[in-house]
Amino acid sequence: METVLENTLPTAKPKWLKVKLPIGKKYTELRGLVDKYSLNTICASGSCPNMGECWGEGTATFMILGNTCTRSCGFCGVKTGRPETVDWDEPEKVARSIKIMNIKHAVITSVDRDDLKDGGSIIWIETVKAIRRMNPTTTLETLIPDFQDIKRNIDRIIEANPEVVSHNVETVRRLTREVRIQAKYDRSLEVLRYLKEKGINRTKSGIMLGLGEREEEVFQTMRDLRAVNVDIVTIGQYLQPSKKHLPVKEFITPDQFAIYEKFGLELGFRHVESGPLVRSSYKAQKHIL
């Protein structure tokens with residue numbers, strides 16, 4: 001895979017990135033409930049291309065701790081700034097949303113809250129507890145920030161013991177400073193290593209492609225993730241949220257994604273989701289198996 005030069009940036013999305021509108025009885029029912037009760041799912045607010053498929057299988061993703069992030073990553077569409085005060089009723093609200101939607105497997109994620117001493121980890125654990133209390137048969141994945149690798153904050157997630165704990169490295173080592181700015185590649189690997197060392201059953205991470213990475217760098221990132229015993233990896237195409245964000249350098253072909261999937265399975269990952277439209281929570285309900 002060759003790096004595309006700046007003056008040859010792709011302009012039009014290829015045909016494999018075009019998606020059909022979500023359909024199906026289950027999707028229609030859930031869409032109605034989301035609208036009726038003003039439920040906040042990242043699936044709907046983020047216009048995820050897999051929303052219909054995931055909702056049809058009883059999976060949805062919820063974002064906690066507000067919609068303003070303290071970090072300014074070059075790829076992310078979430079706004080950056082000074083976050084609002086923590087809503088201590090949020091755990092119950094999320095748990096109630098999951099109950100109303102009758103979600104079988106919930107993915108919980110959040111903005112980075114570097115402004116808080118606990119990094120938001122107390123709201124995280126209270127949210128998991130509320131979901132477990134109100135939805136005892138619902139399984140959980142927590143897609144967490146790095147908490148600046150402060151172990152007491154990560155320990156709260158470990159104590160909650162969700163079925164899957166996920167933390168995304170997002171890109172290859174060389175591009176981390178440009179893409180993630182306030183994050184560190186090795187810090188993310190350390191978080192994933194620590195989670196597994198402390199007994200989390202399934203750990204997971206995700207990578208975006210099309211930012212100028214080389215094939216061998218993707219292979220090395222996957223090796224790095226396996227070296228810290230990550231079980232599941234998701235690999236998808238980066239799409240520019242706005243003109244203010246990093247440009248797409250390359251649209252990766254489905255054949256190239258298939259190469260990464262094969263390589264990942266040979267490395268020993270339990271699950272590899274690799275494709276242009278794959279996002280962090282894609283097929284998440286299968287990752288507990």
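Cut-offs used in this document
Residues numbered from 1 in each chain as written. Predicted model: local features only at pLDDT ≥ 70, side-chain atom pairs only at ≥ 80, totals over all residues. Heavy atoms only, no water. Phe/Tyr/Trp six-rings, centres within 6.5 Å; stacked < 30°, edge-to-face > 60°. Helix = DSSP H or I, 4+ residues; strand = E, 2+ residues; numbered from the N terminus. Buried < 20%, exposed > 50% of the residue type's maximum accessible area, 1.4 Å probe, protein only. Axes fitted to C-alpha atoms, helices over the stretch in contact; angles between N-to-C directions. Contact = heavy atoms within 4.5 Å. Nonpolar A, V, L, I, M, F, W, Y, C, P; charged D, E, K, R; others polar. Polar contact = N/O pair within 3.5 Å; in protein donor to acceptor, adjacent residues only side chain to side chain. Core = buried A, V, L, I, M, F, W, Y, C linked by side-chain atoms within 4.5 Å. Expected span 1.5 Å × (residues − 1). Arc of directions from axis to C-beta.

Student: Just checking my understanding: could you explain the packing of aromatic side chains for this structure?
Tutor: Between two aromatic rings, the relevant description is the distance of the centres plus the angle of the planes. Scanning the model with the defined rule gives two aromatic pairs in all. Ring geometry for Phe-219 versus Tyr-260: centroids 5.6 Å apart, planes at 75°, classification edge-to-face. Here Tyr-260 lies in helix α10 (residues 254-267) and Phe-219 lies in helix α9 (residues 215-227), a separation of 41 residues in the sequence. Residue class for Tyr-260 comes out buried when judged on its relative accessible area of 0%. Here Phe-219 and Phe-263 contribute two aromatic rings whose centre-to-centre distance is 4.2 Å and whose plane-to-plane angle is 35°, an arrangement assigned as tilted. In this pair, Phe-219 is assigned in helix α9 and Phe-263 in helix α10, connecting sequence segments 44 residues apart.

Student: Got a minute to help me understand the packing of helix α8 (residues 185-197) against α9 in this structure?
Tutor: When two helices pack together, their arrangement is given by the angle between the helix axes and by the axis-to-axis distance. Contact pair α8 / α9: the axes reach a minimum separation of 10 Å and the direction vectors enclose 35°. Note on element contacts: α9 touches α8 through Gln-220, Thr-221, Asp-224 and Leu-225, opposite Tyr-185, Leu-189 and Leu-192. In terms of residue class, the contact of α8 with α9 is made up of four nonpolar, two polar and one charged.

Student: What is the right way to look at the environment of Arg-156 in this model?
Tutor: Within the secondary structure, Arg-156 is located in helix α6 (residues 151-160). On the basis of relative accessibility, which here comes to 24%, the residue Arg-156 falls in the partly exposed class. Along the primary structure Arg-156 and Ser-121 are separated by 35 residues, whereas in three dimensions their C-alpha atoms are 6.5 Å apart. Beyond its immediate chain neighbours, meaning those up to four positions away, Arg-156 contacts Asp-118, Ser-121, Ile-122 and Ile-125. There is a polar contact of 2.8 Å between the side chain of Arg-156 and the side chain of Ser-121.

Student: How should I be thinking about the nonpolar core in this particular structure?
Tutor: Across soluble globular proteins, nonpolar side chains have a tendency to be buried as a group. In this structure, Trp-55, Ile-98, Met-101, Ile-108, Trp-124, Ile-144 and Leu-195 are the most contacted members of the largest nonpolar core, which totals 39 residues. Of all the elements in the fold, those that place two or more residues in this core are α1 (25-37), α3 (51-56), β1 (59-64), α4 (90-101), β4 (105-110), α5 (121-134), α6 and α8. Element by element, the count of residues in this core is highest for α5, at six residues. Not counting residues within four places of it along the chain, the set of residues in contact with Leu-195 comprises Ile-144, Ile-154, Ile-158, Val-165, Ile-200 and Thr-203. One finds Leu-17, Val-179, Val-248 and Ile-252 within the second-largest nonpolar core, a separate group that totals 33 residues.

Student: Would you explain α10 in this entry?
Tutor: An α-helical turn contains 3.6 residues, so any two residues separated by three or four positions project in the same direction. Along its 14 residues, α10 runs 20 Å from first to last C-alpha, staying within 8% of the 20 Å computed at 1.5 Å per residue. Along α10, the residues classified as buried are Gln-256, Phe-257, Tyr-260, Phe-263 and Gly-264. Axial view of α10: buried residues confined to an arc of 120°, hence all on one face. Opposite the buried face of α10, at more than 90 degrees from it, the exposed residues are Asp-255, Lys-262 and Glu-266. In the core, the buried residues of α10 are packed alongside β7 (203-209), α9, β8 (232-237) and β9 (271-274). The positive-phi residue at the C-terminal boundary of α10 is Gly-268, with phi of around 110°.

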